[in-house]
Amino acid sequence: MSQIEKNSSLWSYANPRKFLATTERVMPFLWGAALVCLVVGLVWGFFFTPDDYRQGSTVKIIYLHVPSALMAINAWMMMLVASLIWLVRRHHVSALAARAAGPVGAVMTLIALVTGAIWGQPMWGTWWAWDPRLTSFLILFLFYLGYMALWAAIDDPDTAADLTAVLCLVGSVFAVLSRYAVNFWNQGLHQGASLSMDAKENVDDVFYLPLLVCIAGFVLLFIALVFYRTGTEIRARRIRALLARERAGA
Amino acid sequence: MMPDLGKYTDTVLTAYAASILLLALLVALSLWRGRRMRIEMEQLEARTRRNG
Amino acid sequence: MIALLLRDLRLAVRAGGGFGLGLAFFLIVTVLVPFAVGPQSALLSSIAPGVLWLGALLACLLSLDRLLALDWEDGSLDLLATAPLPLEAAVTIKALAHWITTGLPLVLVAPVLGVLLNLPGPGYLWLVVSLAAGTPALSVIGTFGAALTVGLKRGGLLLSLLVLPLYVPTLIFGAEVARRGALGMETLTPLLMLAGISAGALALLPFASAAVLRVNLR
Amino acid sequence: MIALLLRDLRLAVRAGGGFGLGLAFFLIVTVLVPFAVGPQSALLSSIAPGVLWLGALLACLLSLDRLLALDWEDGSLDLLATAPLPLEAAVTIKALAHWITTGLPLVLVAPVLGVLLNLPGPGYLWLVVSLAAGTPALSVIGTFGAALTVGLKRGGLLLSLLVLPLYVPTLIFGAEVARRGALGMETLTPLLMLAGISAGALALLPFASAAVLRVNLR
Amino acid sequence: MAECAFFRAAQSGMRVVMDLTVSDLTIARGGVPVLAGLSFVLEPGHALILRGPNGIGKTTLLRTIAGLQPPVSGQITGAQDRIAYAAHADGIKPTLSVVENLRFWARVFGAGGIQPALEAFDLTTLSERAAGSLSAGQKRRLGLARLLVTGRPIWVLDEPTVSLDTRAVAMFADAVRAHLAWGGSALIATHIDLGLEAGVLDVTPFKASLAPAAGANAFDEAFL
Amino acid sequence: MAECAFFRAAQSGMRVVMDLTVSDLTIARGGVPVLAGLSFVLEPGHALILRGPNGIGKTTLLRTIAGLQPPVSGQITGAQDRIAYAAHADGIKPTLSVVENLRFWARVFGAGGIQPALEAFDLTTLSERAAGSLSAGQKRRLGLARLLVTGRPIWVLDEPTVSLDTRAVAMFADAVRAHLAWGGSALIATHIDLGLEAGVLDVTPFKASLAPAAGANAFDEAFL
Ligand code: HEM
Ligand SMILES: Nc1ncnc2c1ncn2[C@@H]1O[C@H](COP(=O)(O)OP(=O)(O)OP(=O)(O)O)[C@@H](O)[C@H]1O
Ligand SMILES: Nc1ncnc2c1ncn2[C@@H]1O[C@H](COP(=O)(O)OP(=O)(O)OP(=O)(O)O)[C@@H](O)[C@H]1O
Ligand SMILES: [Mg+2]
Ligand SMILES: [Mg+2]
């Protein structure tokens, strides 16, 4: 263990024990902060913002829709980075973090899809339209499903980590390709991005500030969930290793 | 207390209910599995220590 | 390399016809569509290019699971991995054999099936062109999926799940070429994209497939 | 008998999710259709019932090859044939397990996918009813096909080829129920036919399957 | 054909015990007769070892006796529903655990507990392992343990000791001896010495000549 | 690691001949170490028989040496591109004939004719038969004949004589002797006596202890 203490770079968190110890300490704060941001943002948005002149009270959906849509993409990004780290440096924690993020990302995607569909009903008169933004989210959801299914289907953890990492890489390339393909195929109905730097013209401050709080809440929740679930995965692997040794020893 | 959501009451409420349900489900499942793994690991570690 | 290609082709012919079956599936899916959606010929002719592309894609997909799994089960892959041939080459050859036995016959037979679905006149040429440009990508991407799932007993459905989203860009551009062609519209842009995807997949994916296969063999 | 059913269900769950994957394939085929035929919602909604039925049928079809082939390969079928259980019962149980792991989930999830294709309002009920009445026939017929092709290495595509024509009547009546339902028309006649096919297949085909299986085992 | 059946009290209550009688059997594989004119009687409490060079037709013979394929001509009596067959493929599901695999077969054959079977082949420590993660020999032990849970009196075994180490071969021999003592019988094709006290039948002399035989089937024979 | 490589004239021209050296090898299966601290040298012209009870890790060791899986720690030198591996599954295509099967592997390995291989395992009379219609022992003979057409100097064999009758075992022993005489070497895991003059390595003493080892991987080891 001494060699680990000497090693104070960021990589030292790739040690499962250290990772567990550290996250154990910050978990309560993370959960707390996530909860506070979410509650404040959602309550603010739901109770204390006015209706939009065109969309009526449905704008309130934006406080769930946009943060979850952002996190859906960012979760995949995080998985991509974690997969690369695993492939290059072979830190097990990073592979397990990618695995832990998968279902979280999938649920975020699902929330974006569901809120979008519910929103679409009054706005566009349909639950679902083959708009490029919507469509590419559906494809993203399929990538999440495939990624999770592959993890679940393979027994050997290192094999599973390697294969899912490569899938994540190749999948990212194809997800981007799909985005362009879908755009080409159908120009859509969906709002353009308005959360850019000069966003103030598009979205009023009244909506903008609580939205930012909600986004912060989703980000924090994501981090908390991923840390927690990575811990769970580490323990699951430890259980596996202990059981295997016990049996082999018996 | 409840703001007037006009003709979109159902829409907005379903959206909130669905999302919060999904989030709660995710968190609950994570916590449940997390707790199980933690307990199982501690039991196993205690056992292996006892057996050498 | 040639030996491997010849063997794979020979096996495809011997095993009850690697060709025949892909084609037959394509044929039957195409035939079932009118039963499913109803026989109105205007409706059929408007969905014809799409259905043909989708049928070709599914026929490709279904034949993927025998691409590597048989060699895995009988130990040939272990032996190939220890042979002088680099695994990247072996994987590419296998994709090529898959294309010759599945993609190529699909390209050739698609116009005939177009007749069944009332494909509009100018559509035939573009259907063939788009399939010719797109099916190699389908084979190469499929090989990657097969390499991912090779260790799993009957990974067939998982294979579909992994491969289908990867097929989306190819399908979109391919069907777009055929659809625009059938309507007499400009087809250059999607055709270039389609060819680009094929070329890119052909150049890069064999490395991913070989890497994944090595992991699966250990 | 219960032991066999439980084992098959357990195997389906263990093998990376017998359920999940059939569903996933259904989902993916449905999603791919708009990419292939274009995004116009009127067009989509007019082909929706047919496409959903076709998708369900293909998802069923794809999972057939693991229905008996795995048991054949590892020798379980030899052993089952020498066991006290009559082979007819074993085959029926296996078809039932297939329906529970594939047909039933398809029925439940079909309405969700209907949304993606703009299925008209009244169509949802009839889609579910028709799938519930028709999928048992798909499983039983599929088991027969699987029994026919069980000895063949990767009979997957041959299986499709044999089974698809047998699926035609089920598909026609099933899709007809769903289509008429979506248009608000009378559905009783095709529904009765569909139920009749299911009942007949269930009553007679297990004997054929068992007979065919015995031949294949020797 | 006088069927020689008699009653006998056995460990698990009263059972009908009878000989397995094979008379003037001709068997074919892939349409080609491989063994002809084979006759033997296997009595309860006895084992018979089949020997013969590779490709002579031992596997074909065992499959015929197990009822998996019909004989070309000749009679097999006393086999119906009394045979436990084990070959190279032993019906083991890799995703199920050792116990789940065994319990399934025990329930299909309606026989009793699996504990004795596990103990006889030293599988207790492996019992929760997925069968797919066993080594070749461990898997084979599981396949043999299945025989014990069938409760069937006649074991028909095709090269049962493939991949087994010497200790496991001894376990197998013990299991066969116990089975014989209980009143069962065994028919075993093997190339190696099992250390069993058993009759040996070398099938080499029964190799089918390829001249078409006269008889009931001679009419078709030239064509088939 | 001094690599002991030297030149030697062999039957098929000049070849680089060197020892296969395994030093302090630890191997794992399914994430669990099975053998640890194994070292041996296999010189050209020699055979080494691996022995050990079922499940000790022989198959895992052979796969590691063949390069199909990475070792946990330790070195293997002289194996790269010099190994012909043969296991239970012998890569035989049932729909191809015996000759087609052999010729394929001969061309993949770029080696010479298949006639000597056919003759060594008495396959000439079967040469046009589809491999799927062979009996268990005939199939195995075909799998072993493949070794001869690879032209590789080190044979790594996992239970090669399964299903073989005594005559075929003798053929196999002759083939190994000829290979050794030619300057090749062989590493064979088996449970039975092959009648070869060869060193024997019992791997039982190298069974990995399951206490986590210190070393490069100890960093993660506690968890994995
Ligand atoms: C199921 C369908 C839908 C999906 C998958 C979806 C997806 C997305 C995505 C990915 C974003 C991107 C966030 C960003 O780039 O900043 C977004 C933002 C947004 N969506 Fe949706 N959406 C859906 C339906 C809808 C509907 C029906 C409406 C309302 C009519 C809507 C309104 C918005 C708005 C207002 C934004 C914020 C745009 C911005 O200002 O950035 N969405 N949605
Ligand atoms: N499909 C087939 N067509 C023609 N001949 C076949 C076919 N299958 C097997 N044979 C031949 O039938 C013969 C009997 O095979 P069988 O498997 O019964 O032999 P065996 O005695 O079990 O041999 P082994 O000891 O090698 O297992 C063999 O010579 C084999 O080549
Ligand atoms: N996926 C796995 N997970 C855990 N343990 C495994 C896995 N696969 C194999 N093992 C164990 O690894 C050990 C080594 O297996 P291996 O096949 O190398 O043994 P072997 O010496 O070849 O035995 P045999 O003589 O029976 O062939 C065995 O105890 C086996 O149970
Ligand atoms: Mg045999
Ligand atoms: Mg072994």
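Think of each chain on its own: its residues are numbered from 1, step by step along the sequence as written. For naming, the first written chain is A and the first written ligand is 1, with later ones following in the order written. At least 70 in pLDDT is required for a residue's local features to be given in this predicted model, at least 80 for side-chain atom pairs to be given and counted, and no such filter applies to totals for whole chains, interfaces and linings, which use all residues. Think of the side-chain values as coming from all heavy atoms in the structure, minus any hydrogens and water.

Naming follows an unreviewed UniProt entry, where chain C appears as Heme exporter protein B of Antarcticimicrobium sediminis. UniProt positions are given in the numbering used here, feature names are shortened, and annotations may be inferred rather than shown by experiment. Reading the Function (unreviewed entry) entry of the UniProt record for chain C gives the comment "Required for the export of heme to the periplasm for the biogenesis of c-type cytochromes." Comment text from UniProt for chain C, heading Sequence similarities (unreviewed entry), reads "Belongs to the CcmB/CycW/HelB family."

### Some words on the overall build of chain C
Here a strand is any run of E in DSSP of at least two residues, a helix any run of H or I of at least four, and the numbering for each starts at the N terminus. Each helix and strand counted, chain C has 8 helices and 0 strands in total. Each helix and strand of chain C, placed in order from N terminus to C terminus, yields the pattern α-α-α-α-α-α-α-α. In this setup the radius of gyration rests on C-alpha atoms only. A globule is expected at 2.2 Å times the number of residues raised to 0.38. In terms of overall size, chain C behaves like a compact globule, its C-alpha atoms giving a radius of gyration of 18 Å where 218 residues would be expected to give roughly 17 Å. Dimensions of chain C along its principal axes, counting C-alpha atoms only, are 55 × 35 × 30 Å. In chain C, which comprises 218 residues, the proportion classed as buried is 68%. Any two residues having at least one pair of non-hydrogen atoms within 4.5 Å are treated as being in contact. Expressed as a percentage of contacts within chain C between residues at least 6 apart in sequence, the contacts between residues at least 24 apart total 80%. Just so you have it, chain C exposes about 6,400 Å², and 75% of that area is on carbon and sulfur atoms. Averaging the locations of the 11 positively and 9 negatively charged side chains of chain C gives two centres separated by 3 Å. Here the term buried applies to any residue with accessible area under 20% of the maximum for its type, exposed to any over 50%, and partly exposed to those in between, with areas from a 1.4 Å probe on protein chains only. Here the accessible surface of atoms and residues is derived via Shrake-Rupley with a 1.4 Å probe, and residues count as covered only by protein chains that are part of the display. The charge count treats Lys and Arg as positive and Asp and Glu as negative. His and the chain ends do not count. In plain terms, the charge of a residue is placed at NZ if it is Lys, CZ if Arg, CG if Asp and CD if Glu.

### Comments concerning the interface of chain B and chain A
How large an interface is tends to be reported as the accessible area lost when its parts come together. Across the contact, 31 residues belong to chain B and 39 residues belong to chain A. As used here, buried area is the combined drop in accessible area, with a 1.4 Å probe, of two parts when they are placed together. Each partner contributes to the roughly 3,300 Å² buried at the junction of chain B and chain A, and carbon and sulfur atoms together form 75% of this total. Salt bridges, as used here, are contacts in which a Lys or Arg side-chain nitrogen is within 4 Å of a carboxyl oxygen on Asp or Glu. Counting across the chain B and chain A interface gives 3 salt bridges. Between N or O atoms, a polar contact is any pair within 3.5 Å; within protein, one atom must be a potential hydrogen donor and the other a potential acceptor, and residues adjacent in sequence are included only when both atoms are from side chains. Applying the counting criterion to the chain B and chain A interface returns 5 residue pairs in polar contact (both at pLDDT 80 or more).

### Brief notes about the confidence of the model for chain C
Residues and elements named next belong to chain C. For chain C, per-residue confidence averages 86 on the pLDDT scale, and 96% of positions sit at 70 or higher. Confidence of the predictor at the level of single residues is given by pLDDT, which spans 0 to 100. Confidence, expressed as mean pLDDT per element, reaches its minimum in chain C at helix α1 (residues 2-14) with 79 and its maximum at helix α6 (residues 123-149) with 92. The ipTM, which scores confidence in the relative placement of chains, is 0.83 for this predicted complex, and the corresponding pTM is 0.85.

### With respect to helix α8 (residues 188-217) of chain C
Two residues of an α-helix separated by three or four positions point the same way, owing to the 3.6 residues in each turn. Taking 1.5 Å of rise per residue, 30 residues should cover 44 Å, and α8(C) covers 42 Å from first to last C-alpha, within 8% of that figure. Of all the bends in α8(C), the largest measures some 40° and sits at L204(C), one to four residues before the proline P206(C). Multiplying 1.5 Å by the residue count of a helix minus one yields the expected span of that helix. The angle separating two fitted axes, one through the seven residues that finish at a residue and one through the seven that start at it, defines the bend at that residue.

### Things to note about the environment of T161(F)
Within the secondary structure, T161(F) sits in the loop between β8 (154-158) and α5 (166-181). The spatial distance from the C-alpha of T161(F) to the C-alpha of P70(F) is 27 Å, given a sequence separation of 91 residues.

### Description of the interface of chain D and chain C
Counting from both sides, the interface comprises 41 residues of chain D and, opposite them, 41 residues of chain C. Summed over both sides, the interface of chain D with chain C buries roughly 3,900 Å², with 75% coming from carbon and sulfur. Joining chain D to chain C, the criterion identifies 0 salt bridges. Linking chain D to chain C there are 0 residue pairs in polar contact (both at pLDDT 80 or more). Of all the elements in the fold, those that place two or more residues in the side of chain D that touches chain C are α2 (18-37), α3 (41-73) and α7 (156-182) of chain D. Broken down by element, the residue count for the side of chain D that touches chain C peaks at 16 residues, all from α3(D). Just so you know the grouping, Ala, Val, Leu, Ile, Met, Phe, Trp, Tyr, Cys and Pro go in nonpolar, Asp, Glu, Lys and Arg go in charged, and all remaining residues, Gly too, go in polar. For the side of chain D that touches chain C, the per-class residue count stands at 29 nonpolar, 6 polar and 6 charged.

### Topic: the sheet that holds strand β5 (residues 47-51) of chain F
All names here are of chain F. Taken together, 5 strands build an open sheet; the order of strands is β7-β8-β9-β5-β10 and the sheet is parallel. Every interior strand has two partners, whereas the edge strands, β7 (83-86) and β10 (199-202), have only one. Across this sheet, the average inter-strand angle for adjacent strands is 15°, counted without regard to direction. Note on pairing: DSSP must find at least two bridges between two strands before they are called paired. The sheet contact formed by β8 and strand β9 (residues 185-189) spans 5 bridges and is parallel. Within β9, the position partnered with D158 by the bridge is A189. For every element, the axis is a line fit to its C-alpha atoms; helices are fit only across the contacting stretch, and the angle between N-to-C directions ranges from 0 to 180 degrees. The strands touched by helix α4 (residues 136-150) are β7 and β8; relative to β7, the strand with the most contacts, the crossing angle is about 175°. Along the sheet, α5 contacts β5, β8 and β9; its crossing angle with β9, the most-contacted strand, is approximately 145°.

### Comments concerning the relation of the copies chain D and chain C
With an axial shift of 0.0 Å and an RMSD of 0.1 Å, the rotation relating chain D to chain C amounts to 179°. When the rotation and shift are considered jointly, the pair of chain copies conforms to a two-fold rotation axis. When you check the interface residues of chain D against chain C, 100% turn up at the interface there too, and the contact is symmetric in its surfaces. Copies overlap after least-squares fitting; the atoms used are the C-alpha atoms of residues with pLDDT of at least 70 in both.

### What about the UniProt feature "transmembrane region" (unreviewed entry) in chain C?
Residue and element names in this part refer to chain C. The UniProt feature table records "transmembrane region" (unreviewed entry) at residues 12-37, 43-64, 96-117, 123-150, 157-178 and 190-213. Summarising residues 43-64: 100% helix, 0% strand, and an end-to-end C-alpha distance of 31 Å. A distance of 30 Å separates the end C-alpha atoms of residues 96-117, which is 95% helix and 0% strand.

### Some remarks on the site of ligand 3
Residues are labelled near a given molecule or strand when at least one of their non-hydrogen atoms is within 4 Å of it. Looking at ligand 3, there are 18 residues lining it, with R129(E), S135(E), G137(E), T59(F) and T60(F) nearest. Neighbouring residues of ligand 3 are distributed over chains E and F. One of the side-chain N or O atoms of T60(F) is found 2.4 Å from an oxygen atom in ligand 3. Here an oxygen atom of ligand 3 sits 3.4 Å away from a polar atom, N or O, in the side chain of E159(F). When residues of the shell around ligand 3 are traced back to their parent elements, those giving at least two are α4 (136-150) of chain E together with α1 (58-65) of chain F. Looking at the shell around ligand 3, its residues break down into 3 nonpolar, 11 polar and 4 charged.

### A word on empty space enclosed by the protein
Cavities and pockets were defined on a 1 Å grid built over protein atoms only: a cavity is a set of grid points that admits a 1.4 Å probe from which the probe cannot escape, a pocket is an open set flanked by protein on both sides within 12 Å along at least five of seven lines, and lining residues are those with an atom within 4 Å of any such point. Grid points are joined across faces, edges and corners, and a volume is the space filled by probe spheres set on the points. Counted according to the given criterion, the structure contains 8 cavities of 30 Å³ or more. Each pocket or cavity is described by its volume, and for the second largest cavity that value is around 170 Å³. Together, 18 residues line the second largest cavity, and V33(C), L54(C), V33(D), V51(D) and L54(D) are the ones closest to its centre. With 6 residues, the top contributor of residues to the lining of the second largest cavity is α3(D). In terms of residue class, the lining of the second largest cavity is made up of 15 nonpolar, 3 polar and no charged.

### A short note on helix α2 (residues 98-108) of chain E
Buried residues dominate α2(E), accounting for 9 of its 11 residues. Those residues of α2(E) that sit buried are V98(E), V99(E), E100(E), N101(E), L102(E), F104(E), W105(E), A106(E) and V108(E). Elements that come into contact with the buried residues of α2(E) comprise α1 (2-14) and α4 (76-81) of chain D together with α3 (115-120) and α4 of chain E.

### Section: the side chain of E159(F)
Note that E159(F) resides in the loop between β8 and α5. Although E159(F) lies buried, it forms no salt bridge, and the closest oppositely charged side chain, K58(F), sits 5.7 Å away as judged by the N-O distance. If we skip the residues at most four places from it in the chain, E159(F) touches A136(E), S163(E), H88(F), R140(F), A189(F) and H191(F).

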